[in-house]
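So the chains spell out like this:
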Amino acid sequence: TPVGVIAEIKRASPSEGNINTSLDVPTMVQQYAEGGALALSVLTEPTWFLGSLEDLLTVRKTLTALGYSSEQRPAVLRKEFVFAPYQLLEARAYGADTVLLIVAIQDAMARAHTSLKELIGFSRELGMEPLVEVVTEAEVDVAIAAGAKVIGINNRD
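Conventions used here
- Residues numbered from 1 in each chain as written.
- Predicted model: local features only at pLDDT ≥ 70, side-chain atom pairs only at ≥ 80, totals over all residues.
- Heavy atoms only, no water.
- Core = buried A, V, L, I, M, F, W, Y, C linked by side-chain atoms within 4.5 Å.
- Buried < 20%, exposed > 50% of the residue type's maximum accessible area, 1.4 Å probe, protein only.
- Contact = heavy atoms within 4.5 Å.
- Axes fitted to C-alpha atoms, helices over the stretch in contact; angles between N-to-C directions.
- Helix = DSSP H or I, 4+ residues; strand = E, 2+ residues; numbered from the N terminus.
- Parallel < 35°, antiparallel > 145°, perpendicular 65-115°, else oblique.
- Left-handed = near helix turned anticlockwise from the far one by under 90°.
- Nonpolar A, V, L, I, M, F, W, Y, C, P; charged D, E, K, R; others polar.
- Pairing = 2+ DSSP bridges.
- Right-handed = clockwise from strand over helix to strand, strands pointing away.

1. Let's talk about the nonpolar core
Core analysis: the biggest nonpolar cluster contains 37 residues, and Val59, Leu101, Leu116 and Val132 have the highest contact counts within it. Residues contacting Leu101, with those up to four places away along its chain left out, are Val82, Leu88, Leu116, Leu119, Ile120, Ser123, Pro130, Leu131, Val132 and Glu133.

2. Brief notes about the packing of helix H1 (residues 25-34) against helix H2 (residues 53-65)
Packed helices, taken two at a time, are described by the angle between their axes plus the distance between the axes. One can describe the packing of H1 onto H2 by two numbers: an axis separation of 9 Å at closest approach and a directional angle of 55°. Considering the angle they form, H1 stands oblique to H2. Along this stretch, H1 crosses H2, giving a crossing that reads as right-handed. Contacts between H1 and H2 involve Val25, Pro26, Val29 and Ala33 on the former and, on the latter, Asp55, Thr58, Val59, Thr62 and Leu63. Considered class by class, the residues forming the contact of H1 with H2 number six nonpolar, two polar and one charged.

3. A look at the pairing of strand S6 (residues 98-102)
The element S6 is extensively covered by neighbouring structure, given that five of its five residues are classed as buried. Neither face of S6 is exposed, since Thr98, Leu100 and Ile102 on one face and Val99 and Leu101 on the opposite face are all buried. Here strand S5 (residues 75-79) pairs with S6 via two bridges, running parallel. Looking at the pairing, Arg78 lines up with Val99 of S6. Handedness of the β-α-β unit built from S5, helix H3 (residues 85-93) and S6 comes out right-handed. Of the strand pairs in this sheet, S6 and strand S7 (residues 131-134) are connected by three bridges, and their pairing is parallel. Within S7, the position partnered with Leu100 by the bridge is Leu131.

Remember, this is a structural readout, not a statement about activity or role.
Written out as structure tokens, the structure is:
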């Protein structure tokens, strides 16, 4: 069974600082797609990761221009601190097939008058099965209780 790889398009991070601020998104998309990436994770957070919704749109347009059909191209994932339903609409409008939902930011979701369970449900209404990120065992339980079907473990420590 082949291994599925999610390749990331990221210019910077809070922990590493600037990584590749001048990256050429179309070139990177082509390299990742030709390398067999299962999905492309696109950072859209502008302050800490120097990403944008335009990057997301560029990824989708590049895959189309390269001739990939929706069945054969890598999935496009919006990687962002998603805490409100409007961000899911943005993701879909800018070409995302799926989004990252992070259990650890449930407080921000509550301030936006929503919940992880509601965001998972709205994602599905928009035709996206979200990737739900957890760090701890307790967060796995939260993700499962909220209805997550795809769980990613962020284990930096």
